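Examining the three-dimensional arrangement
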Amino acid sequence: MTIFFDKKTKTFHLQNAQISYLLGIEENNSLVHLYFGKKIKNYSGNYRYPRTDRSFSPNPPDASDRLLSLDTLPLEFPGNGFGDFREPAYNLKLKNGSRITDFRYDSYKIIAGKPTLEGLPALYVEAENEAETLVVTLKDTLSKLQLKLSYTIYKGFAVIARSTQLVNDSQDSVEVNRLASQSIDFPNRELDLIHLNGSWAKERQLTREKVNTGIKVLDSKRGSSSHHQNPFVALVDPTTTEFQGDAYGINLVYSGNHETVIQKDPYDQTRVITGLNSFNFSWQLGAGETFQTPEAVMVYSSNGLNELSHTYHDLYNHHLIRGEAKLKERPTLINNWEATYFDFNEEKVMKIVEEAKALGIEMFVLDDGWFGGREDDFTSLGDWTETEGKIACGLENLSQKIHEKGLKFGIWFEPEMISEDSDLFRAHPDWALGVPGRGRSLGRNQFVLDFSRQDVRDNIYQQMTSILDRIPIDYVKWDMNRNMTEVYSVLLDSENQGEVSHRYMLGLYEFLEKLVTNYPEILFESCSGGGGRFDAGLLYYMPQTWTSDNTDAVARLKIQYGTSLAYPISSMGAHVSAIPNHQTERKTSLATRGNVAMSGVLGYELDLTQLSTEEKKEIKEQVNFYKQHRQLLQFGTFYRLKSPFEGNDTAWMFVSKNQEEAMVFYYRVLTEASAPLTTLKLVGLLEDENYEFDGKMIAGDELMNIGFYINPELSGDYVSQRFYLRKV
Ligand code: DGJ
């Protein structure tokens with residue numbers, strides 16, 4: 001891995017064994033994008049954007065000829081005002097009201113390793129020799145502003161991590177209305193756009209569409225990364241599949257409002273800009289101050305989407321997820337939510353715990369309803385004191401009893417929220433986001449606490465940690481059950497109100513940093529009504545995310561398939577729940593529910609005391625099987641084989657890093673009479689080695705090139721099959 005600057009051709013070349021990223025400086029000192037893709041050993045300097053006259057494309061003031069126009073040049077961090085009429089990566093309002101700035105290349109530095117991003121989650125290194133960072137400084141001489149564009153290249157990963165800093169060296173403040181984390185211009189090229197959209201209980205549905213001329217914005221204005229539009233996109237060649245073709249992923253490491261703008265111009269050039277959502281965003285950057293954007297993680301694959309995902313998974317497991325849970329096998333759990341909802345007591349809980357122990361489950365998680373007298377979703381958020389008498393022996397003793405049975409103990413919090421009916425709200429009605437004089441919208445009967453405020457955060461931190469300090473707790477589920485409205489903070493001046501959404505996120509990150517630092521032994525799982533904040537920002541603090549409130553095995557096929565595009569399997573909470581399913585009313589077999597849930601971090605979320613002897617036997621086998629194979633299932637290489645978005649059947653497989661073991665899952669949604677047969681071809685095995693497969697010995701090349709038939713006798717709806725392979 002190296003970064004070098006060629007003085008002769010005025011190009012920067014970031015290179016490792018997989019990729020090259022090339023930037024150039026034009027004769028007018030505009031910074032241009034040259035290339036991102038498969039490694040180029042020695043770039044000659046030949047590939048530069050040709051000078052060509054385009055009518056109605058003006059030339060910047062000091063252009064030496066009329067063939068130079070910013071309107072068509074592939075720019076590395078485009079602005080607006082000097083003739084580039086496409087979407088800009090930044091929008092700054094200067095003191096004189098002008099939004100015109102002229103950033104030109106000024107200088108660069110190369111840093112060993114990767115600096116942290118102050119106050120923000122980001123990829124990290126453990127040793128300086130794991131990565132190198134290029135910081136290119138652009139200056140606008142008149143306004144005395146500097147843009148610092150940061151690029152980190154890692155050893156062994158096809159990734160460039162980008163972020164931007166705006167430094168205000170002037171005597172005046174500047175209003176930032178947009179500042180992207182990254183912008184990339186693709187030369188004329190047909191592209192497809194892949195993105196993950198959805199809604200509650202239907203997260204991260206994979207959509208693929210052609211990039212057409214015009215502008216498309218994919219965003220969230222909800223105050224969270226959202227169920228509706230995940231901050232991940234991929235740009236791929238129209239012919240790209242899971243196994244072949246070029247694919248570029250862009251994932252924003254952020255949990256709040258985000259936007260990705262895709263613009264294809266009339267010359268078939270495509271610009272993709274990613275960052276904080278510019279909608280309602282304005283940040284007053286005072287004299288001498290700096291603004292740091294979140295990070296965008298850009299991954300390239302020349303072998304299709306599976307390889308793209310492998311890079312994200314390995315990168316996030318090694319360089320995003322931190323703490324004691326990093327690369328550690330995650331415990332199986334039983335959560336009481338769908339078993340009891342709010343209606344639990346010590347006896348019910350302990351019966352579930354006893355059953356869980358008998359089944360080999362390793363942790364009990366007490367969900368919503370243990371605090372402040374909360375018996376439904378109308379009250380008590382913000383009052384983080386134990387409801388006396390609900391658990392007769394008290395939480396501390398409960399935790400002890402559970403530990404004595406050999407299980408871990410986890411508990412639920414929703415720290416960012418406040419109920420109208422709570423002592424906290426009665427004492428501090430102004431602590432909820434809201435505009436003075438206006439009513440507040442309710443979401444699940446609750447308001448959002450103003451986490452941009454230090455006093456609010458301190459209060460919640462103190463309440464939360466007095467529970468964590470008193471009671472032995474191994475796991476915390478951090479929930480967040482509504483989106484933000486009336487986003488206004490009474491502590492900020494009128495001109496700073498456009499900062500609230502981002503200040504909220506900075507406050508949240510500050511809180512989480514303190515929490516995970518002070519409670520390193522606790523495993524945190526984030527949740528937002530299921531997967532409403534499944535993003536890389538939160539994974540930096542909490543290694544797991546509750547993937548969706550939808551626990552129906554069939555719905556989960558799509559949700560988990562889509563999620564796996566960017567996020568590692570080790571981060572996906574997946575539970576077996578009761579039938580009829582509480583979200584869809586569907587009845588699926590326990591085997592299929594198990595096969596879907598063990599393709600994530602396996603848990604159970606049903607009343608174990610209501611199960612038949614056969615069901616208990618089956619669950620015991622599932623748990624035992626999962627524990628035996630979870631290294632492979634949580635950290636193996638995950639291949640998507642058949643997409644639930646394209647047909648009636650889904651298949652995926654996990655291959656161990658040494659390729660000696662694999663687990664294959666096949667699922668069929670609806671049965672069909674006289675159905676065509678299905679052949680499944682495997683991938684990722686060792687060609688010349690034999691594997692024990694389905695009671696037979698078969699070589700890797702046969703399994704990968706010929707494959708095998710799925711049993712035609714497999715009948716009924718929602719069926720599944722699981723195959724374990726081991727090298728002999
Ligand atoms: C929403 C979560 O997604 C559920 O799993 C559960 O924790 C409820 N909140 C509790 O209110």
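Residues numbered from 1 in each chain as written. Predicted model: local features only at pLDDT ≥ 70, side-chain atom pairs only at ≥ 80, totals over all residues. Heavy atoms only, no water.

Here we come to the pattern of salt bridges. Within the structure shown, the criterion is met by 53 salt bridges. Among the salt bridges present, the one from Asp-102 reaches Arg-104, with a minimum N-O distance of 2.9 Å. Judged by relative accessible area, Arg-104 falls into the buried class, the value being 15%. For Arg-470, the salt bridge is made with Glu-386, and the minimal N-O distance between the two is 2.9 Å. Separated by 84 residues along the polypeptide, Arg-470 in helix H6 (residues 454–470) and Glu-386 in the loop between strand E22 (363–366) and helix H4 (395–404) bring together distant segments of the chain. Judged by relative accessible area, Arg-470 falls into the partly exposed class, the value being 36%. (Salt bridge = Lys/Arg side-chain N within 4 Å of Asp/Glu carboxyl O. Buried < 20%, exposed > 50% of the residue type's maximum accessible area, 1.4 Å probe, protein only. Helix = DSSP H or I, 4+ residues; strand = E, 2+ residues; numbered from the N terminus.)

A separate point is helix H7 (residues 500–518). Taking 1.5 Å of rise per residue, 19 residues should cover 27 Å, and H7 covers 27 Å from first to last C-alpha, within 8% of that figure. The complete set of buried residues in H7 reads Val-500, His-502, Tyr-504, Met-505, Gly-507, Leu-508, Tyr-509, Phe-511, Leu-512, Leu-515 and Val-516. (Expected span 1.5 Å × (residues − 1).)

Position of Trp-546 among the secondary structure elements: in strand E28 (residues 544–546). When the C-alpha positions of Trp-546 and His-403 are compared, they lie 24 Å apart, and in sequence the two are 143 residues distant. When sequence neighbours within four positions are dropped, the list of residues in contact with Trp-546 reads Lys-477, Glu-525, Ser-526, Cys-527, Gly-530, Gly-531, Thr-551, Arg-556, Gly-573, Ala-574, His-575 and Glu-605. A distance of 3.1 Å separates the side chain of Trp-546 from the side chain of Asp-549, its partner in a polar contact. (Contact = heavy atoms within 4.5 Å. Polar contact = N/O pair within 3.5 Å; in protein donor to acceptor, adjacent residues only side chain to side chain.)

For the rest of this paragraph, the subject is the site of the ligand. The local shell around the ligand holds 13 residues, among which Asp-367, Asp-368, Lys-477, Asp-479 and Asp-549 are the closest. Side-chain polar atom of Arg-444 to an oxygen atom of the ligand: 2.8 Å apart, as the coordinates give it. Note that a nitrogen atom of the ligand is positioned 3.3 Å from one of the side-chain N or O atoms of Asn-481. When the residues that make up the shell around the ligand are grouped by side-chain class, the tally is 4 nonpolar, 3 polar and 6 charged. (Near = heavy atom within 4 Å. Nonpolar A, V, L, I, M, F, W, Y, C, P; charged D, E, K, R; others polar.)

Either a parallel or an antiparallel arrangement is found when strands of a sheet pair, and the pairing is made through backbone hydrogen bonds. What the 8 strands build is a closed barrel, ordered E21-E22-E23-E26-E27-E28-E29-E30; its pairing is parallel. Averaged over all neighbouring strand pairs, the angle between strand axes comes to 30°, with direction disregarded. In the sheet, strand E29 (residues 572–577) pairs with strand E30 (residues 601–605) via 5 bridges, with the strands oriented parallel. When the sheet's bridge partners are listed, His-575 is paired in E30 with Gly-603. Lying over the sheet, helix H9 (residues 553–563) contacts E28 and E29, oriented at roughly 170° with respect to E29. Along the sheet, helix H10 (residues 590–597) contacts E29 and E30; its crossing angle with E29, the most-contacted strand, is approximately 170°. (Pairing = 2+ DSSP bridges. Axes fitted to C-alpha atoms, helices over the stretch in contact; angles between N-to-C directions.)

Ranked by size, the top nonpolar core spans 183 residues in total, and within it Leu-166, Phe-364, Trp-370, Leu-398 and Phe-409 carry the most contacts. Top element by residues in this core is H7. It accounts for 9 residues. If we ignore the near neighbours within four places in the chain, the residues touching Leu-398 are Glu-346, Val-349, Met-350, Leu-366, Ile-391, Cys-393 and Phe-409. Judged by nonpolar contacts, the second largest core, of 23 residues, contains Val-655, Phe-693, Ile-698 and Leu-725. (Core = buried A, V, L, I, M, F, W, Y, C linked by side-chain atoms within 4.5 Å.)

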